[in-house]
Amino acid sequence: MNEEARLLEMYRFENEYYAEGKTLVAGCDEAGRGPLAGPVVAAAVILPQRCLIPSLNDSKKLSEKKRLLLEQEIKETSIAWAVARVEADEIDRINILEASLKAMLMAVKGLSVSAEAILIDGPYGLRQSEIPQKAVKKGDSLSASIAAASILAKNHRDRIMVNYDTVYPQYGFAKHKGYPTKYHREMIHQYGLSPIHRRTFAVK
């Protein structure tokens, strides 16, 4: 499959809503469900119909350099985009799934234009939204707007963790972004938990 055909195929779920007359379809994804520290970040993106952005894909399949280039193009070409975050203490209080869904709902509500439909990465919908929606497993690989959201969420969260590295340099957040690497666990053992660590994750 050539690149144009691949990108067109990534509009299969958006096309279902376009066929119903809905043009403002928001893709939504989160970054940071697995780390021991830092917030979970979500993004929502509304792309123009058939907006083909070369190399657009699941953020996990892209290099950092490619993600940053795509982020700029997504922000310049999208109809609207927004990011939102839920902090570690709230993740501990309501659990990571609820925090992820809350961040995605916040991102959708933060869009400068109201979405007419939502595509959400994963098996769960946004319970507190009355907007028509569809949960798409592996949506960050299958939907253009979800893929775009995955890139914005990933890049935004990475920048947050790099900033935290200057506040808590002993943990090496700039390197591992809070994920449970061997080094990260060793630093927790040596220094204890920082204020941005997730207690329900890091003490296990």
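Let me sum up the structure you'll find in this document. (Residues numbered from 1 in each chain as written. Predicted model: local features only at pLDDT ≥ 70, side-chain atom pairs only at ≥ 80, totals over all residues. Heavy atoms only, no water.)

1. A few points about the nonpolar core
Burial of nonpolar side chains together is a common tendency in soluble globular proteins. As a reminder of what qualifies: We call a set of buried Ala, Val, Leu, Ile, Met, Phe, Trp, Tyr and Cys residues a nonpolar core when their side-chain atoms join them within 4.5 Å. Residue burial is assigned from relative accessible area. The probe radius is 1.4 Å, only protein chains are included, and a residue is buried under 20% of its type maximum, exposed over 50%, and partly exposed in between. Labels follow the DSSP assignment, with helices taken as runs of H or I lasting at least four residues and strands as runs of E lasting at least two, numbered in each case from the N terminus. Here, residues are in contact when the closest pair of their heavy atoms is within 4.5 Å.
Leu47, Leu56, Ile74, Leu111, Leu126 and Phe173 are the most contacted members of the largest nonpolar core, which has 65 residues in total. In terms of residues, this core owes the most to one element, helix H7 (residues 144-167), which gives 11 residues. Excluding anything up to four places from it in sequence, Ile74 contacts Val45, Ile53, Leu56, Ala148, Ile151 and Leu152.

2. Some thoughts on the packing of aromatic side chains
Selection criterion: Two rings belonging to Phe, Tyr or Trp (six-membered ring only in the last case) form a pair when the distance between their centres is within 6.5 Å. Interplanar angles under 30 degrees mark stacking, angles over 60 mark edge-to-face geometry, and anything in between is tilted. Over a ring means this: the NZ of a Lys or the CZ of an Arg is within 6 Å of the ring centre and within 35 degrees of the ring normal.
The final tally for this structure, using the stated rule, is three aromatic pairs. Relative to Phe173, the ring of Tyr171 has its centre 5.4 Å away and its plane inclined at 20°; by these criteria the two rings are stacked. Residue class for Tyr171 comes out buried when judged on its relative accessible area of 2%. The residue whose ring lies beneath Lys175 is Tyr183, and the NZ or CZ to ring-centre distance is 5.5 Å. One residue, Arg198, lies across the ring of Phe201, its end atom 5.0 Å from the ring centre.

3. Some words on the sheet that holds strand S4 (residues 117-121)
As a reminder, the rule being used: Two strands pair under a simple rule: DSSP has to find at least two bridges between them. Between N-to-C directions, angles span 0 to 180 degrees; the directions come from axes that are lines fitted to C-alpha atoms, helices contributing only their stretch in contact.
The five strands are arranged S3-S2-S1-S4-S5 in an open sheet whose pairing can be described as mixed. On the outer flanks of this sheet lie strand S3 (80-86) and strand S5 (133-136), each paired with one strand and no other. The average undirected angle you get between the axes of adjacent strands in this sheet is 20°. Across the face of the sheet, H7 comes into contact with strand S1 (25-31), strand S2 (40-46), S3, S4 and S5 while running at roughly 35° to S1.

4. Structural notes on the environment of Thr77
The cut-off we apply is this: For this analysis, a polar contact is any N or O atom pair within 3.5 Å, provided that within protein one partner can donate a hydrogen and the other can accept it, and provided that sequence-adjacent residues contribute only side-chain to side-chain pairs.
Assignment of secondary structure puts Thr77 in helix H3 (residues 64-77). Thr77 sits 103 residues away from Pro180 along the chain, and the two C-alpha atoms are 35 Å apart. Beyond its immediate chain neighbours, meaning those up to four positions away, Thr77 contacts Pro48, Cys51 and Ile53. Only 2.8 Å separates the side chain of Thr77 from the backbone oxygen of Glu73, close enough to count as a polar contact.

5. Structural notes on the pairing of S2
With seven of seven residues buried, S2 is to be regarded as a mostly interior element. Covered by surrounding structure in S2 are Val40, Ala42, Ala44 and Ile46 together with Val41, Ala43 and Val45, the residues of both alternating faces. In this structure, S1 lies alongside S2, joined through six bridges in antiparallel fashion. Paired with Cys28 across the bridge in S2 is Ala44. As paired elements, S2 and S3 share seven bridges and run antiparallel to each other. The residue bridging Ala44 from the neighbouring strand is Ala82, located in S3.

6. A short note on the packing of H3 against H7
Note the following rule: Each angle gets one of four labels, with under 35 degrees taken as roughly parallel, over 145 as roughly antiparallel, 65 to 115 as roughly perpendicular, and the rest as oblique. Put simply, a crossing is left-handed when the front helix is turned counterclockwise from the back one by less than a right angle, and right-handed when it is turned clockwise.
As a packed pair, H3 and H7 sit with axes 9 Å apart at the nearest point and diverge in direction by 120°. What the angle tells us is that H3 and H7 run oblique. At the point where H3 passes H7, the crossing takes the left-handed sense. From H3, Arg67, Leu68, Leu70, Glu71, Ile74 and Lys75 reach across to H7, where they touch Ala148, Ile151, Leu152, Lys154, Asn155, Asp158 and Arg159.

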